[in-house]
Amino acid sequence: AAEYRNGIAALEQARWKDAERAFARVLTAVPRDANTNYLMALSKLGRSDFKAARGFLEKALKYDPNLLAAHVKLGVTQARLGDPVKAQAELAWLNARASACASTCADAARIAEGITEVSAAIAAGKQASLGRPDLLAYAAAAPGDQAYLAAIALINEHRYEAAIAELELAQMRFGPHPDVLTYMGFANRKLKRFDHAEHYYRAALAIAPDHLGAIEYYGEMMLERGDRPGAQTMLARLDALCTFGCAQSDELRRWINLGSSQG
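The rules behind these values
- Residues numbered from 1 in each chain as written.
- Predicted model: local features only at pLDDT ≥ 70, side-chain atom pairs only at ≥ 80, totals over all residues.
- Heavy atoms only, no water.
- Phe/Tyr/Trp six-rings, centres within 6.5 Å; stacked < 30°, edge-to-face > 60°.
- Helix = DSSP H or I, 4+ residues; strand = E, 2+ residues; numbered from the N terminus.
- Buried < 20%, exposed > 50% of the residue type's maximum accessible area, 1.4 Å probe, protein only.
- Disulfide = S-S within 2.5 Å.
- Contact = heavy atoms within 4.5 Å.
- Axes fitted to C-alpha atoms, helices over the stretch in contact; angles between N-to-C directions.
- Parallel < 35°, antiparallel > 145°, perpendicular 65-115°, else oblique.
- Left-handed = near helix turned anticlockwise from the far one by under 90°.
- Nonpolar A, V, L, I, M, F, W, Y, C, P; charged D, E, K, R; others polar.
- Core = buried A, V, L, I, M, F, W, Y, C linked by side-chain atoms within 4.5 Å.
- Salt bridge = Lys/Arg side-chain N within 4 Å of Asp/Glu carboxyl O.
- Expected span 1.5 Å × (residues − 1).
- Arc of directions from axis to C-beta.

What to know about the packing of aromatic side chains
- The full count for this structure, using the stated rule, is four aromatic pairs.
- Note on Tyr148 and Tyr183: the rings are 6.1 Å apart at their centroids and 65° apart in plane angle, and the pair reads as edge-to-face. Placement of Tyr148 in helix 9 (residues 141–156) and of Tyr183 in helix 11 (residues 178–190) is noted, with a sequence separation of 35 residues between them.
- Judged by its relative accessible area of 22%, Tyr183 falls in the partly exposed class.

As structure tokens, this is what we get:
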């Protein structure tokens, strides 16, 4: 998460190589993070490495197909690379999003700006302007704090879809922070999206192997999926970390002893 913030600061100051190095470290731990792939693409665009930027933008959209800023920059990049057909495909996506939005959604202005930017890039072809990096959604930490706290409140109210939306906003600000990833896993698990939940738990533990919450919740989900040995392995990890006991190991042990599948 610290490297993620370092990368954003470097982008804001046009220190492209520093940004690349920071985001490369983040991607080593969480290669499937859509936001980091997008920001790495901006680093590449800053150095006019359009082919590399295209690759990272495509990865960003693979992991988050609705990442608006990535669609815009991919359309511009395809135009710069002399591929108007693929650039038109991104413009078509933006136009469809605008039609669905009907000028009433929160992203309406950004969608309209994106359509203008990609349309101009298609007209200019290989001479297209790259425009400004879209960092507005990534820059301020305070809205991230607010989103994170809002997400916890929503989880406590069992409003998991709304919590995920707030957590996604927090993740944009903070990057792949293990606390955010753990709650992403928890909310998806409560919605029975076990594969998604497992992805987030694994990502949290890849960054912070001793994260007590991620280990506990992952173990609980294993029980829900019928993997009692896996849950016992998670409990053994907690017992090794919590020499004098901790709430997380006590709770997972209770689940195992009850054989419960309820959270």
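Now that the structure has been shown, the text picks up again.
Notes on the state of the cysteines
- Across all of its chains, the model carries one disulfide by this definition.
- Here Cys242 pairs with Cys246 through a disulfide, and the sulfurs are 2.0 Å apart. Its torsion about the S-S bond being 70°, the disulfide of Cys242 and Cys246 is classed as right-handed. Across the pair, exposure class does not vary: Cys242 and Cys246 are buried alike.

Concerning the side chain of Gln78
- If you trace the backbone, Gln78 turns up in helix 5 (residues 68–80).
- Looking at Gln78, the relative accessible area reads 3%, which means it is buried.
- Look past the residues within four positions of Gln78 in its chain and what remains in contact with it is Arg54, Glu58, Asp83, Lys86 and Ala87.

Quick word on the side chain of Lys73
- By the secondary structure assignment, Lys73 is in helix 5.
- Not counting the four nearest positions on each side in its chain, Lys73 is found in contact with Tyr38, Leu42, Leu45, Leu57, Glu117, Leu130, Gly131, Arg132, Pro133 and Asp134.

Focus: unusual backbone geometry
- For His158, which is not glycine, the phi dihedral falls at a positive 65°.
- Mapped onto the elements of the fold, His158 is located in the loop between helix 9 and helix 10 (160–174).
- The phi dihedral of Lys192 falls on the positive side, at around 65°, and the residue is not glycine.
- Inspection of the secondary structure assignment puts Lys192 in the loop between helix 11 and helix 12 (194–207).

Here's the deal with the packing of helix 4 (residues 50–63) against helix 5
- Contact geometry of helix 4 with helix 5 gives a least axis separation of 9 Å together with a crossing angle of 150°. Classified by the angle between their axes, helix 4 and helix 5 sit roughly antiparallel to one another. The handedness of the crossing between helix 4 and helix 5 comes out as left-handed. Note on element contacts: helix 5 touches helix 4 through Ala70, His71, Lys73, Leu74, Thr77, Gln78 and Arg80, opposite Phe50, Arg54, Leu57, Glu58, Ala60 and Leu61.
- Split into classes, the residues belonging to the contact of helix 4 with helix 5 amount to six nonpolar, three polar and four charged.

Here's the deal with the nonpolar core
- Core analysis: the largest hydrophobic core is formed by 66 residues, its most contacted members being Tyr38, Leu39, Leu67 and Tyr138.
- Leu67 has contacts with Ala34, Asn35, Tyr38, Ala60, Leu61 and Tyr138, leaving out every residue within four places of it along the chain.
- Counting residues in hydrophobic clusters, the runner-up holds 14 residues, among them Leu68, Val76, Leu94 and Cys101.

Here we look at the pattern of salt bridges
- Applying the stated rule across the entire model yields 17 salt bridges.
- Across the salt bridge formed by Glu224 and Arg189, the nearest N and O atoms sit 2.6 Å from each other. Of this pair, Glu224 sits in helix 13 (residues 212–224) while Arg189 sits in helix 11, placing them 35 residues apart in sequence. Both residues of the pair, Glu224 and Arg189, belong to the buried class.
- A salt bridge links Asp239 to Arg253, with the shortest nitrogen-to-oxygen separation between them at 2.7 Å. Here the residue Asp239 occupies a position in helix 14 (residues 228–241), and Arg253 occupies one in helix 15 (residues 247–258), the gap between them amounting to 14 residues.
- What emerges from the salt-bridge pattern is a single network uniting Arg189, Lys192, Glu220 and Glu224.

Focus on helix 4
- Counted at 1.5 Å a residue, the expected span for helix 4 with its 14 residues is 20 Å, and the 20 Å between its end C-alpha atoms agrees.
- By the burial criterion, the buried members of helix 4 are Phe50, Ala53, Phe56, Leu57, Ala60 and Leu61. Relative to the axis of helix 4, the buried residues are bounded by an arc of 140° and lie together on one face. Of the exposed residues in helix 4, those oriented more than 90 degrees away from the buried face are Lys51 and Lys62.
- Residues of helix 4 that are buried sit in contact with helix 2 (16–29), helix 3 (34–46), helix 5 and helix 6 (84–101).

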